[in-house]
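One letter stands for each residue in the lines below.
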Amino acid sequence: MTHFHFLRKPFRHTFSNVSLLLIAINSLVFVALSFMSHLKVVLSLNPLYFLQGRMYWQILTYMFVHGNYQHIFFNMLAILVFGIPIERAVGSKEFTLMYFLFGIMSGVISLIIYIITGYYYVFLMGASGTVYGLLLAYAVIFPRSTIYVWGLVPIPAPLLVVIYACIELGSQIFSIGGGIAHCTHLAGLLVAWLYFIIRMGIHPLQVWKDAYR
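Quick caveat, the model's predicted, so the values are computed rather than measured.

**So, the overall build of the protein chain**
Part 1 of the reasoning: A count of helical and extended segments in the protein chain gives 10 helices and 2 strands.
Part 2 of the reasoning: Starting at the N terminus and walking to the C terminus, you meet the elements of the protein chain as α-α-α-α-α-α-α-β-β-α-α-α.
Part 3 of the reasoning: Its C-alpha atoms give the protein chain a radius of gyration of 17 Å, near enough to 17 Å, the size a compact globule of 213 residues would have.
Part 4 of the reasoning: By its C-alpha atoms, the protein chain is 50 × 40 × 40 Å across when sized along the principal axes.

In structure tokens form, the structure reads like this:
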């Protein structure tokens, strides 16, 4: 894997509370769009607007648009729970790279799938692709960590990643949960998986095997 060497140059470790800044930005955008809801179609990711309307900024802005209070609450909660410890572990610069790489590439993959399948009228929005990527990152960085689902059920972080991956894959195949971008969630997991292999030189499966040996 020496051909990935130039991609593995580390950042100097700093901590600047980028996680909290991202939560604040997402929240401010949500409040602003509640007064200017017509802008959601311009900022969300839509294949026709992106290609024919040349609204290329959508590949970035869609991550900061959320449909309702529940949507933004759970995404921001995930950034709070997973983002802060990840940022402390890898540094703010690496975390920022993770956040935007997971989100942008999840959008790109989803856009390609929508175009190939002729699904032109979807408006993709939210940080869910990034959140799923952060969940996997958390499970790789803290493989022995236990996450309490609904605050009650203890599940090892790697197992939770596998469970969510299976749920999203099954939901995508059987079209369960209309309006939920299952392919974007799966894309977030895939991008994070490749990120650790290519950028960090770490294979998630090996980390998990070593942690539970």
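Moving on, there is more to tell.
**Concerning helix 10 (residues 204-211)**
Part 1 of the reasoning: Those residues of helix 10 that fall on the buried side of the exposure criterion are P204, W208 and A211. When helix 10 is viewed along its axis, its buried side chains cluster within an angular range of 65° and face the same direction.

**Notes on the packing of aromatic side chains**
Part 1 of the reasoning: Applying the stated criterion across every chain yields a total of 14 aromatic pairs.
Part 2 of the reasoning: Judged by centre distance (5.0 Å) and plane angle (45°), the ring pair of Y138 and F142 falls under tilted.
Part 3 of the reasoning: Chaining the aromatic ring pairs together yields one cluster made of F64, F95, Y99 and F100.
Part 4 of the reasoning: Here R144 stacks its cationic end above the ring of Y212, 4.7 Å away from the centre of that ring.

**Quick word on the state of the cysteines**
Part 1 of the reasoning: Taken as a whole and judged by the stated rule, the model has 0 disulfides.
Part 2 of the reasoning: Unpaired in terms of disulfides, C166 finds its nearest cysteine sulfur in C183, a separation of 17 Å.
Part 3 of the reasoning: A relative accessible area of 52% places C166 in the exposed class.

**Side note on helix 7 (residues 128-141)**
Part 1 of the reasoning: Relative to the 20 Å expected for 14 residues at 1.5 Å per residue, helix 7 spans 20 Å between its end C-alpha atoms, a close match to the ideal helical length.
Part 2 of the reasoning: Within helix 7, 13 of the 14 residues are buried, leaving the element largely enclosed by the surrounding structure.

**Quick notes on the nonpolar core**
Part 1 of the reasoning: Grouped together as the largest cluster of nonpolar side chains are 48 residues, with contacts concentrated most on I86 and F102.
Part 2 of the reasoning: Counting only elements with at least two residues in this core, the list comes to helix 1 (18-35), helix 5 (69-90), helix 6 (92-117), helix 7, strand 1 (146-149), helix 8 (157-173) and helix 9 (182-198).
Part 3 of the reasoning: Per-element tally for this core: the top contributor is helix 7, with 9 residues.
Part 4 of the reasoning: Discounting chain neighbours no more than four positions away, the residues touching F102 are T130, G133, L134, A137, V191, A192 and Y195.

**Looking at the pattern of salt bridges**
Part 1 of the reasoning: Evaluated as defined, the whole model comprises 2 salt bridges.
Part 2 of the reasoning: Between E94 and R199 there is a salt bridge whose closest N-O contact spans 2.7 Å. Here the residue E94 occupies a position in helix 6, and R199 occupies one in the loop between helix 9 and helix 10, the gap between them amounting to 105 residues.
Part 3 of the reasoning: For E94, a relative accessible area of 5% translates into the label buried.
Part 4 of the reasoning: One salt bridge in this structure joins R213 and D210, with 2.7 Å as the shortest N-O distance.

**Observations concerning unusual backbone geometry**
Part 1 of the reasoning: Unlike most non-glycine residues, N17 shows phi in positive territory, near 55°.
Part 2 of the reasoning: For N17, the position within the fold is in the segment before helix 1.
Part 3 of the reasoning: Here the phi dihedral of R54 falls at roughly 55°; this positive angle occurs in a residue that is not glycine.
Part 4 of the reasoning: Note that R54 resides in the loop between helix 3 (47-51) and helix 4 (58-61).

What counts and how
Residues numbered from 1 in each chain as written. Predicted model: local features only at pLDDT ≥ 70, side-chain atom pairs only at ≥ 80, totals over all residues. Heavy atoms only, no water. Helix = DSSP H or I, 4+ residues; strand = E, 2+ residues; numbered from the N terminus. Rg over C-alpha atoms; globule rule 2.2 N^0.38 Å. Buried < 20%, exposed > 50% of the residue type's maximum accessible area, 1.4 Å probe, protein only. Arc of directions from axis to C-beta. Phe/Tyr/Trp six-rings, centres within 6.5 Å; stacked < 30°, edge-to-face > 60°. Lys NZ or Arg CZ within 6 Å of the ring centre and 35° of its normal. Disulfide = S-S within 2.5 Å. Expected span 1.5 Å × (residues − 1). Core = buried A, V, L, I, M, F, W, Y, C linked by side-chain atoms within 4.5 Å. Contact = heavy atoms within 4.5 Å. Salt bridge = Lys/Arg side-chain N within 4 Å of Asp/Glu carboxyl O.

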